Amino acid sequence: MDTGGKKISPKKIRLHHLLFVGFTLISTIPVFFLAAWAQKTAIENEYSATEDKHLLLAKNLTGALDRYARDAEQIFRVSAQYLQTKKSAEQIGDLMKIVNFNHICITDKTGRVFSINTDQQGKTSIKNNGHLSQDMLAKLSLDIERAKLLPDHVFFSPAFHNSHGKPTIYLIKSDLDGSLVIGGLETDYIVDIGQKISFGKLGHAAIVDHKGQVLSHPNSLWQDEIKDISDIRPVSLMMAAQTGVTTFYSPAIQADMIAGFTSLPKIGWGVMIPQPLSELEERANGVKTAVVIITLLGVMAAALVSWLLARYLSMPMQAVVHAAGDVASGKLNARVPSFHTFVLKEANDLVHSFNSMVNELEKVERRLRTSEERFREFASTASDWLWETDEKGRIVWESASKKLGYRGRKFTDIQGMTRQELAGDAMTSEDWYPYQQAIDDREEIKDFHYKYRGENGKIYHALINGIPLYDDEGKYKGHRGSASDITKRKKAEYELKKARDEAERANRSKSDFLANMSHDLRTPLTAIIGFSDIMLGKTFGKLGHPRYEEYARDIHNSGTLLISLINDILDLSKIEAGKYELTEEPLEIKELIEISFRQLELMAESSQQNLKMEISPGLPNLKGDKRAVIQILNNLISNAIKYSPEQGTILVQAATKEDNGLVITVEDTGMGMSEQDLECAMQAFDQTDRVHPRKHEGTGLGLFLCHSFMKLFGGNLKVASKVDVGTKITLFFPSSRTIHPT
């Protein structure tokens, strides 16, 4: 550390003192652990005894409450029977006083109410034709519905305040004849039995109903207001019908408590016996004074023994330290002298081991020099090379510059230069970005394509990989890695790209030529077809011989076939050249199909094919290129005629999709296509006659050209075919090409 220009060395501690402190700490730790264990054991014993006692008290109190609840249920049933038989009030009142019933009422099927009440003075009276309190019925509505579902089963309600404001639990039972019995059970007995349990300073019992409301508690305010304490941990566990011991924070006493708890299985009342943890800890603190005294004596004894033992052990250690310092300074002949006085076996072994280690260190140092020389020789003969740069990117080491590194340039010529200086203008700033980014961010260099100039000025290519280097203090020192010569590979890639570019230019030239020859090829063919039409129509009179008419028909058919083939080739060339422009105009689908039928009528008649058309009523018009759509239909329908048997059927349908796009299908009953046939048919200049013999001449462009046209329309073409069954081709036009009627 530097302070004001002066270097301050850290404080040094003697081995003797360090051993003394260490041995003292090691020896005193068990003493402290023993003291802590003794006090902890005392507390744990208190906890264990308390858990057993509290849980036993809770179970005993639960047993008493269970017997009380059973007695109350039996008296409730008997009193209800007495009330139904109209026996004297004194007999029923005596039963009710046993468990503190303040009233029992029963309603028959007509809704009449008979009740027996006990006043504050213990007098009993029976009332007829009364009415149940609507407020009470509202509070007990849930339990009344449960009682009706299980006749003759007695339900205990949660605690409520009765008309006199006194906490009361209601017993409810529904008889099979439809009558309802309700009895009010005061909580005096539950309060008394809970308050009889008291121990320590603040140990007590608490009893809650199945909703977690207080029935008995030392806090009389909680008891009188029937406070809901269901959020207290032991109460929530009791409501879940669990039994055990737990700790919690008591808001009534405002202290941490330990409590044993359990609950009545049938009714769900809960009983817990809590006691402050502080009372348990007070009883366990009796051993604290003895523990402190024992701890102090143990620490003093450990310190004395540690001082003597540390001094005894430090002597051979100091000798080893001095010898190690000599070795670190480069004196590999330094050794630790042997001790002639009494010394530990381990210390003696340490001395011998240290001396042996120094001997081996001398041998390793000699082997290391030999290994470094061997590595340099191997690296210099490798096909790739190794390199190292400093923190500024300058080359400081090269393993194979004579062979591949820099094409004949010596390492002394390139040492201290950066890669940017070696590359010169062979690379742009953008080319250097990933390399420079890795250098600046101190990251790994991965497959960086590096171009550099050799001794003859020729540009060579290399693939650079490297990792950052850091010294012992974490300071960046540069990069180190390997390089591979990829000059031949780059040359091969360049030649391949050059050949591919030339092929693409030739293909574009072919497409441009065919596209430009469209007019020159079509014009003479149109004249041939036109003149043959005039001759067949005998516009200027008879031909003179029947064979002339046959020749004219052959000329017309051959010209029509030839112009169809040329149209396919020229259209495909235009599409590939990107020169085909669609003429957007409104088209009527039915009219286009009829035109196609007329043009292919002779072809269909020669094969005895039946052309059928089904157009959905109210079909909207299509926005598109008339010639392109007719050519698509001609190709699909002519293919269907070619590959269908005689007297077959070709069905053309047109309809709209859900998204309002137009759909045209061409379906035949021909020989169909397998998956291999379909793959061939969808390729340009390929035909399915590899499987099926050709019946008609063609270019093999039909489906491929139709598919290309549908792409121009922004649509799609789908083919479904099965061998010996037929083929169905569907044209999907996007909804944007549907012209809606205005």
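Provided above is the structure to which this section pertains.
Residues numbered from 1 in each chain as written. Predicted model: local features only at pLDDT ≥ 70, side-chain atom pairs only at ≥ 80, totals over all residues. Heavy atoms only, no water.

**Things to note about the packing of aromatic side chains**
Operational definition: Side-chain rings of Phe, Tyr and Trp (the six-membered ring for Trp) are treated as a pair once their centres are within 6.5 Å; stacked means planes under 30 degrees apart, edge-to-face means over 60, and tilted covers the remaining angles. Secondary structure is summarised from DSSP: a helix means a run of H or I of at least four residues, a strand means a run of E of at least two, and numbering begins at the N terminus for each. Accessible area is worked out with a 1.4 Å probe on protein chains only. A residue is then buried under 20% of its type maximum, exposed over 50%, and partly exposed in between.
A full pass over the atoms with the stated rule returns eleven aromatic pairs. Relative to Tyr450, the ring of Trp432 lies with its centre 5.8 Å away and its plane at 55°, an arrangement referred to as tilted. Residue Trp432 is found in helix α14 (residues 429–440), and its partner Tyr450 is found in strand β18 (residues 445–453); the two are separated by 18 residues along the sequence. There is no split in this pair, since Trp432 and Tyr450 are both buried.

**Focus on the packing of helix α20 (residues 626–642) against helix α22 (residues 702–712)**
Just so we agree on the cut-off: Under this scheme, a helix contributes an axis fitted over its contacting stretch, all axes are lines through C-alpha atoms, and angles between N-to-C directions fall in the 0 to 180 degree range. Geometric relationships in this document are graded by angle, where less than 35 degrees denotes roughly parallel, more than 145 denotes roughly antiparallel, 65 to 115 denotes roughly perpendicular, and other angles denote oblique. If you view the pair so one helix is near and one far, a crossing is left-handed when the near helix is turned anticlockwise from the far one by less than a right angle, and right-handed when it is turned clockwise. Every residue pair with non-hydrogen atoms within 4.5 Å of one another is taken to be in contact.
Here α20 crosses α22 at 150°, and the two axes come no closer than 10 Å. The orientation of α20 relative to α22 falls into the category roughly antiparallel. Crossing hand, α20 versus α22: left-handed. When α20 is examined against α22, the residues Ala628, Gln631, Ile632, Asn635, Leu636 and Asn639 are found in contact with a partner set consisting of Gly702, Leu703, Leu705, Cys706, Phe709 and Met710.

**Focus on the pairing of strand β27 (residues 726–732)**
The two faces of a sheet get side chains in turn, since along a regular strand they alternate between them. The cut-off we apply is this: A pair of strands is treated as paired once DSSP finds two or more bridges between them.
Across the seven residues that make up β27, a large majority, five, are buried. Taken together, the six bridges between strand β25 (residues 662–668) and β27 define a ladder with antiparallel strand orientation. Pairing of Ile664 across the sheet is with Leu731, part of β27. Where strand β26 (residues 716–722) lies against β27, seven bridges are found, and the strand directions are antiparallel. Following the sheet pairing, Asn716 is matched in β27 by Phe732. Where β26 folds back onto β27 in an antiparallel hairpin, the turn is made up of three residues, including Asp724, whose phi is positive at roughly 65°.

**Thoughts on the sheet that holds strand β16 (residues 385–390)**
Across the sheet, five strands lie side by side as β17-β16-β20-β19-β18; this open sheet has antiparallel pairing. Taken across any chain shown, the strands that pair with only one partner, and hence form the sheet edges, are β17 (395–398) and β18. On average, adjacent strands in this sheet sit at an angle of 30° to one another, irrespective of strand direction. The pairing of strand β19 (residues 459–470) with strand β20 (residues 476–485) spans nine bridges and is antiparallel. Considered in β20, the bridge of Gly466 is made with Gly481.

**So, the pattern of salt bridges**
Quick note on the threshold: One side-chain nitrogen of Lys or Arg within 4 Å of one carboxyl oxygen of Asp or Glu is enough to make a salt bridge.
Inspection of the entire model under this criterion finds 16 salt bridges. For Lys266, the salt bridge identified is with Glu73, shortest N-O distance 3.1 Å. On the criterion of sequence distance, the pair formed by Lys266 in the loop between β14 (255–263) and β15 (270–276) and Glu73 in helix α1 (residues 15–84) is long-range, its members being 193 residues apart. Taking the relative accessible area as the measure of exposure, Lys266 reaches 52% and is therefore exposed. Overall, Glu73 belongs to the buried group, its relative accessible area being 9%. Glu493 is the salt-bridge partner of Arg489, the closest N and O atoms lying 3.8 Å from each other. Placement of both Arg489 and Glu493 in helix α15 (residues 487–516) is noted, with a separation of four residues, approximately one turn of the helix.

**What to know about a nonpolar patch on the surface**
The following threshold applies: Patch membership is restricted to residues that have no salt bridge and whose relative accessible area is over 30%. Joining uses 9 Å for like charges and 5 Å for the nonpolar side chains Val, Leu, Ile, Met, Phe, Trp and Tyr. Under the convention used here, a 1.4 Å probe and the Shrake-Rupley method define accessible areas, while residue burial counts only the protein chains that appear.
On the surface, Ile293, Leu297 and Met300 cluster together into a nonpolar patch covering about 340 Å² of accessible area. Note on placement: Leu297 falls in helix α9 (residues 288–328). The exposed category is assigned to Leu297, whose relative accessible area is 56%.

**A look at the sheet that holds strand β21 (residues 585–587)**
Within the open sheet, the three strands sit side by side as β21-β23-β28. Their pairing is antiparallel. The strands lining the two open edges of the sheet, one partner per strand, are β21 and β28 (738–739). Alignment of β21 against strand β23 (residues 621–624), held across three bridges, turns out to be antiparallel. Its bridge partner being in β23, Glu585 is matched across the sheet by Gly624.

All quantities given are derived from atomic positions and should not be read as evidence of function.
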